[in-house]
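Spelled out, the chains give:
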Amino acid sequence: MTGKGIERGLTNYGDRDFARYLRMSFARSMGLSREMLSRPIVGIAMTPSGFNNCHRTMDELVEAVSRGVLAAGGLPRPFPTISLGEVFLEPTSMVYRNLMAMDTEEMVRAQPMDSVVLIGGCDKTVPAQLMGAVSANLPAVQLVTGPMMTGRHKGERLGACTDCRRFWGKYRAGEVDRAEIDQVEGRLATTAGTCAVMGTASTMAIIAEVLGMSLPGTAAIPAVHSDRLVAAEESGRLAVQLIDKGPRPDEIVTLHSVENALRVLMAVSGSTNAVVHLAAVAGRAGIRISQERLNTISDETPVLVDLKPVGAGYMEDFHSAGGVGAVLREIRHLLHLDTINVTGQTLGQRLEQPTDWIDSKVIRPLSNPVSPVGGLIALSGNLAPGGAIFKRAAATPELFEVEGRAVVFENLADLAARIDDPELDVEANDILVLKNAGPVAAGMPEAGYLPIPKKLAKQGVKDMVRISDARMSGTAFGTIVLHIAPEAHVGGPLAAVRNGDRIRLSIQEKRLDLLVPEAEIRDRLAGVKLPPAPPRGYRALYAKHVTQAAEGCDFDFLTAAPPSDKA
Ligand code: FES
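The rules behind each value
- Residues numbered from 1 in each chain as written.
- Predicted model: local features only at pLDDT ≥ 70, side-chain atom pairs only at ≥ 80, totals over all residues.
- Heavy atoms only, no water.
- Pairing = 2+ DSSP bridges.
- Helix = DSSP H or I, 4+ residues; strand = E, 2+ residues; numbered from the N terminus.
- Axes fitted to C-alpha atoms, helices over the stretch in contact; angles between N-to-C directions.
- Disulfide = S-S within 2.5 Å.
- Buried < 20%, exposed > 50% of the residue type's maximum accessible area, 1.4 Å probe, protein only.
- Phe/Tyr/Trp six-rings, centres within 6.5 Å; stacked < 30°, edge-to-face > 60°.

Chemist: Sorry, what's going on with the sheet that holds strand 12 (residues 480-482) here?
Modeler: Sheet strands line up and pair through hydrogen bonds in the backbone, either parallel or antiparallel. Spatially, the 8 strands line up as an open sheet ordered 7-8-12-11-10-9-13-14, and their pairing is mixed. A single partner strand is all that each edge strand has here, and the edge strands are strand 7 (376-379) and strand 14 (511-514). Taking each pair of neighbouring strands and ignoring which way they run, the sheet shows an average axis angle of 25°.

Structure follows, in structure tokens:
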């Protein structure tokens, strides 16, 4: 094998022989024989954390990857990077995705490994690892921790986190009491693994497989299924083979594989967050996703997968229904078949293999789609000149063509303080507007799922048009416009919206407009005062360098330049 192994990237002491001798000495202090140290090395980027429930199975996954590496003649070397547990990070895990991507890229490059297996699962971890892997461009295999199984409550299945929100909505509306919500709290997330619905983690696992960075057929294997460990062992074995033959990430993540990932994102009605993450991963390869292309792909691609938050099932159903392979077969005619995955196999070759049984209730045939068009679209208009995202599959069709009065919240604190105020001047056909929750202002938290004001919720209002520069959880639903760019904080037109203004949303025209004369909008924007930037540390770096949502919210100094080179 051709790997440089322990001699890769020697520490710089000004004497290479001394550096080699010292490294061998310290490596042997870990109890590794000279025979082991002569093997090619597979790094295993592991991400266990007492603050990350989704990675609870990390130890056994690392053990299984190591087993595969050893069996194939390599030396496995697990190493930690930061881990991002979605609900344990303030203000939002999104702020730290780029930090994890940098950690992954730099540790893969700096340490002596010939290839790497990246183990992640929770929302931001898989995009962070893919971003790092593409930039480091060492042979790499993505392994996900896999989705949770569902829990049970009074005869119904529960899965994080669509049912978390459903029950919380019932609690806010007074339909569920404190005792029951406490009971539900213990029944929503009952096994190891990532959220059980088609949220961001599930969508990113699928995207990793469709891009070609994970082994075929592995995205949806439940976290607690024995096949998850078999996939880990195979990933370790494959990582050794990659050292000699490749392919490397820059051969896998191409314009064609990114477009395939976008297609599948539409067909599974995946998370809105995945658009941002895919843009960031693609950006690392110098590929830019245009809003026009996204909309064309969405309009051409039906939703075939009937999972929550849009439909009925859970990820365990998706896996047993046939998983990613079944979806790929249904939309084969829309895909680029020349892309390759980590095994070197083309997508066309993969799809020529015989398929297992497909449960057409969960993964519908093309002739009977959940929806004839894709789940997500990009919006433009004078309120979103840099674009916005709308999950039409999770929205109320009666609210697709509306004009309404703006009820404005200036920032997250203002929203928290006033949304449930009984005196709030709000009606069901108003449009709720949240400003200053974008990437620069607030790290773009999942605050775009503005709660229905309590007084309307109690009247039975279930959905309203809500618009913001924030994100929303992939497990959420509603008529919600997200990722408005440029964000209010950097002077986007959203900053000019005032209470009582009229706003028009047209899904047919794919537009979001503020019905105020352009000169008036300009005058208002000229008077907007920006709060001071964070004074120090990572948050200062973040605010200075984060890009807007359409560019993936990556740091401007980490994207490959020029971005249009490969498009
Ligand atoms: Fe980790 Fe949902 S909290 S995937």
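Chemist: Please clarify how the state of the cysteines should be interpreted in this entry.
Modeler: Put plainly, a disulfide is one covalent bond tying together the sulfur atoms of two cysteines. Counted under the stated rule, the structure contains 1 disulfide. One disulfide bridge connects C161 with C164, the sulfur atoms lying 2.3 Å from each other. Taking the torsion about the S-S bond as the criterion, the C161 to C164 disulfide, at about -110°, is left-handed. With no disulfide of its own, C553 lies 17 Å from the sulfur of C122, the closest cysteine sulfur. Given the relative accessible area of 1%, C553 is considered buried.

Chemist: Sorry, what's going on with the pairing of strand 9 (residues 401-409) here?
Modeler: Working note: regular strand, side chains alternate between the two faces of the sheet. Judged from the 5 bridges that link them, strand 9 and strand 13 (residues 502-506) form a sheet pairing that is antiparallel. Bridging from a neighbouring strand, R405 pairs with R502 of strand 13.

Chemist: Looking at this structure, how should I read the packing of aromatic side chains?
Modeler: Remark: the centre distance and the inter-plane angle together describe each pair of aromatic rings, the angle taken between the planes. All told, the structure shown has 11 aromatic pairs when counted by the stated rule. When the centroid spacing of 6.1 Å and the interplanar angle of 50° are considered together, the rings of F18 and Y21 count as tilted. In this pair, F18 and Y21 both sit in helix 1 (residues 16-28), 3 residues apart, roughly one turn of the helix. Judged by relative accessible area, F18 falls into the partly exposed class, the value being 34%. Looking at Y21, the relative accessible area reads 58%, which means it is exposed. Arranged with centres 5.5 Å apart and planes meeting at 75°, the rings of Y542 and F555 form a pair that is edge-to-face. Here F555 lies in the segment after helix 21 (537-545) and Y542 lies in helix 21, a separation of 13 residues in the sequence. Relative accessible area serves as the criterion here: at 2%, Y542 is assigned to the buried category. Accessibility expressed as a relative area gives 0% for F555, which makes it buried. In this structure an aromatic cluster arises from ring pairing among Y96, Y538, Y542, F555 and F557.

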